Structures are given as C-alpha cells and as structure tokens.
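Residue strings, one per chain:
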Amino acid sequence: MSNKNIIIVMTLIAGVVLVQLVSKDQPILLSNEKENYIINNEESSLVRIGNLVALVPGSWTSTKPSSSMRLMEFQVGEKNSGASLAIFKNIGGTINNNLERWAGQFGYKLLDQDVKITTDNINGIDFHIISVLGTYTNTMAFRQKDSGPKKDYRLLGAIANTPDGLYYFKMIGPDNIIQNQIEEFSYFIQSLKYENIG
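Cut-offs applied
Residues numbered from 1 in each chain as written. Predicted model: local features only at pLDDT ≥ 70, side-chain atom pairs only at ≥ 80, totals over all residues. Heavy atoms only, no water. Pairing = 2+ DSSP bridges. Helix = DSSP H or I, 4+ residues; strand = E, 2+ residues; numbered from the N terminus. Contact = heavy atoms within 4.5 Å. Axes fitted to C-alpha atoms, helices over the stretch in contact; angles between N-to-C directions. Buried < 20%, exposed > 50% of the residue type's maximum accessible area, 1.4 Å probe, protein only. Arc of directions from axis to C-beta. pLDDT = per-residue confidence, 0-100. Phe/Tyr/Trp six-rings, centres within 6.5 Å; stacked < 30°, edge-to-face > 60°. Core = buried A, V, L, I, M, F, W, Y, C linked by side-chain atoms within 4.5 Å.

Topic: the sheet that holds strand 10 (residues 193-194)
The pairing of strands in a sheet comes from backbone hydrogen bonds and takes either a parallel or an antiparallel form.
Part 1 of the reasoning: If you walk across this open sheet you meet the three strands as 1-2-10, and the pairing is antiparallel. Across the chains shown, the open sheet's two edge strands, defined by having one partner strand only, are strand 1 (45-49) and strand 10.
Part 2 of the reasoning: Bridge count for strand 1 against strand 2 (residues 52-56) is five bridges, and the pairing is antiparallel. Counterpart to I49 in the pairing with strand 2 is L52.
Part 3 of the reasoning: Against the sheet, helix 4 (residues 182-191) engages strand 1, strand 2 and strand 10, with an angle of about 150 degrees to strand 2.

Rendered as structure tokens:
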C-alpha cells in the first residue's frame, strides 16, 4: 500500500471516529442548518466523479449508466426496487432551468408548495437541493415496458456548483424506497469534496 493510500485510509478512519464522537444521537437530515451530519457507514467506498470525490454508501450498487449523458449511476434500495441515483455534469441550462425541469416531470412549477428546495454550502460547494413527491411523468427515464407515469414517486436531487461546472445528482424511485434512502443520500451529498485534477 502506497503512502498516499495509507494517508487516505487513516484520514477516513479519523473522520469516522470524529463523526461518531460529535454526532452521537444527532438527527441525520439535509437541512438549512450549517452543521454537517454524516452517518457512520463503514461499508462506504471512495469514488471520483469528475473533479469531485465522494463516499458512496455500501448499500448502493454501481450500474452501467443507462445513457451516455450520465457520468455514473447507482441502484439504491433492494434489487429491482426501481430506484436509482443518476449523476450528470454540465447538461445545459441554468440551475433554475434544471430544477424547473425536474419539478415539471411531476407536473409542478418551481414555486409550487409540493416542491421543496433548499440551498446549502457543503465543503465549500454551493448546492441546490430539491425534493418532489407525486406522479412522475418523465417516461424517457423508463424502459419501454415501464413507460407509463409512476404514482407515489419521489425525486431527491442536488445540483453542485463547482469551479469546473455543474454536477447533478438525481435520485428517483417509489416514495417508500426513497424515504428509506434519505440518510444515505444525505451522507453521500455531505461527503462530496472538490479536488481539481485538471
């Protein structure tokens, strides 16, 4: 094992210990508060996403992206749960254009009360975070046999504004599955760090 890998492993171990000491019995949610809560997930793996690095929860399974527009894709929840996290970079439009498009996939406008949006600065990165519940109508996202609108679906999304552009994180699936993934989504987003490699 190289010295660089030893330093990374030791830093991660120290971070886990520190998080356990600081956040014991604390709620774990994405919120407008400036405190960063990270769940203890010893099964996590470190991944590079462009110029970002993140800890991916051990319960997520990396899958082949279903579109060339996607940098990465993960299955979340139980196998065949229909829930996934897709990651995109610089897909065009402004932050608000993309938030509006995501809300529109449920038949909502950005200012509708059923669309929850927060902003936060996490590890020096500005994030816009969205949650939408309803009937998901983006039929392009489904396989041919599953192409109809999906009732009781939830979208958890985040857009990271970094020096090399916008990164998009879109988790979508049945509400009962996504509700059980809120801590993991929060853990993943809170772990994102920008490391420019050129």
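After that view, the rundown keeps rolling.
Considering the sheet that holds strand 4 (residues 70-75)
Part 1 of the reasoning: Taken in spatial order, the seven strands make up an open sheet running 3-4-5-9-8-7-6, and their pairing is antiparallel. With partners counted over all chains shown, the strands left at the sheet margins are strand 3 (61-63) and strand 6 (115-122), one partner each. Averaged over all pairs of adjacent strands, the angle between strand axes in this sheet comes to 20 degrees, irrespective of strand direction.
Part 2 of the reasoning: Contacting strand 5 (84-89), strand 6, strand 7 (125-136), strand 8 (150-162) and strand 9 (165-174), helix 4 runs over the sheet at an angle of about 10 degrees to strand 8.

Considering helix 2 (residues 95-104)
Part 1 of the reasoning: Of all the residues in helix 2, the buried ones are I95, N98, L99, W102 and A103. Projected onto a plane normal to the axis of helix 2, the buried residues spread over an arc of 140 degrees and lie on a single side.
Part 2 of the reasoning: On its buried side, helix 2 packs onto strand 6, strand 7, strand 8 and strand 9.

Here's the deal with the confidence of the model for the protein
Part 1 of the reasoning: Confidence in the prediction of the protein, expressed as mean pLDDT, is 81, and 73% of residues score 70 or more.
Part 2 of the reasoning: A low-confidence stretch, residues 14-41 stays under pLDDT 50, and its non-local contacts, those more than four residues away or across chains, total 35 contacts.

A look at the pairing of strand 2
Part 1 of the reasoning: Within strand 2, five of the five residues are buried, which leaves the element mostly enclosed by the surrounding structure.
Part 2 of the reasoning: By the alternation rule, side chains of strand 2 split into L52, A54 and V56 and V53 and L55, which are all buried.
Part 3 of the reasoning: The antiparallel pairing of strand 1 with strand 2 creates a hairpin that spans two residues between the two strands, and G50 there sits at a positive phi of about 60 degrees.
Part 4 of the reasoning: Where strand 2 meets strand 10, two bridges bridge the pair, whose relative direction is antiparallel. Looking at the pairing, V53 lines up with K193 of strand 10.

Here's the deal with the packing of aromatic side chains
To describe a pair of aromatic rings, you give the distance between the ring centres and the angle between the ring planes.
Part 1 of the reasoning: Going through the model one piece at a time under the given rule, you end up with six aromatic pairs.
Part 2 of the reasoning: Ring centres 5.4 Å apart and planes at 50 degrees place the aromatic pair W60 and F188 in the tilted group. Of this pair, W60 sits in the loop between strand 2 and strand 3 while F188 sits in helix 4, and the two are 128 residues apart along the sequence. Residue W60 shares its accessibility class with F188, and that shared class is buried.
Part 3 of the reasoning: Summarising the aromatic geometry, the rings of F106 and Y136 are spaced 5.1 Å apart at their centres and angled 45 degrees between planes, so their arrangement reads as tilted. Taken as a pair, F106 in the loop between helix 2 and strand 6 and Y136 in strand 7 lie far apart in primary sequence, 30 residues in all. Just as F106 is buried, Y136 falls in that class too.

What to know about the nonpolar core
Part 1 of the reasoning: By size, the foremost hydrophobic cluster in this structure holds 28 residues, and its most contacted members are I49, L85, F127, F169, F188, I189 and L192.
Part 2 of the reasoning: Setting aside anything within four residues of it in sequence, one finds I189 in contact with I122, F127, A158 and F169.
Part 3 of the reasoning: Residues I95, L99, L110 and Y136 belong to the second largest nonpolar core, which totals 19 residues.

As for the pairing of strand 6
Part 1 of the reasoning: Judged from the eight bridges that link them, strand 6 and strand 7 form a sheet pairing that is antiparallel. If you follow T119 over to strand 7, its bridge partner there is H128.
Part 2 of the reasoning: Hairpin connection between strand 6 and strand 7: a loop of two residues separates the two successive antiparallel strands, and N123 in this loop has a positive phi of roughly 55 degrees.

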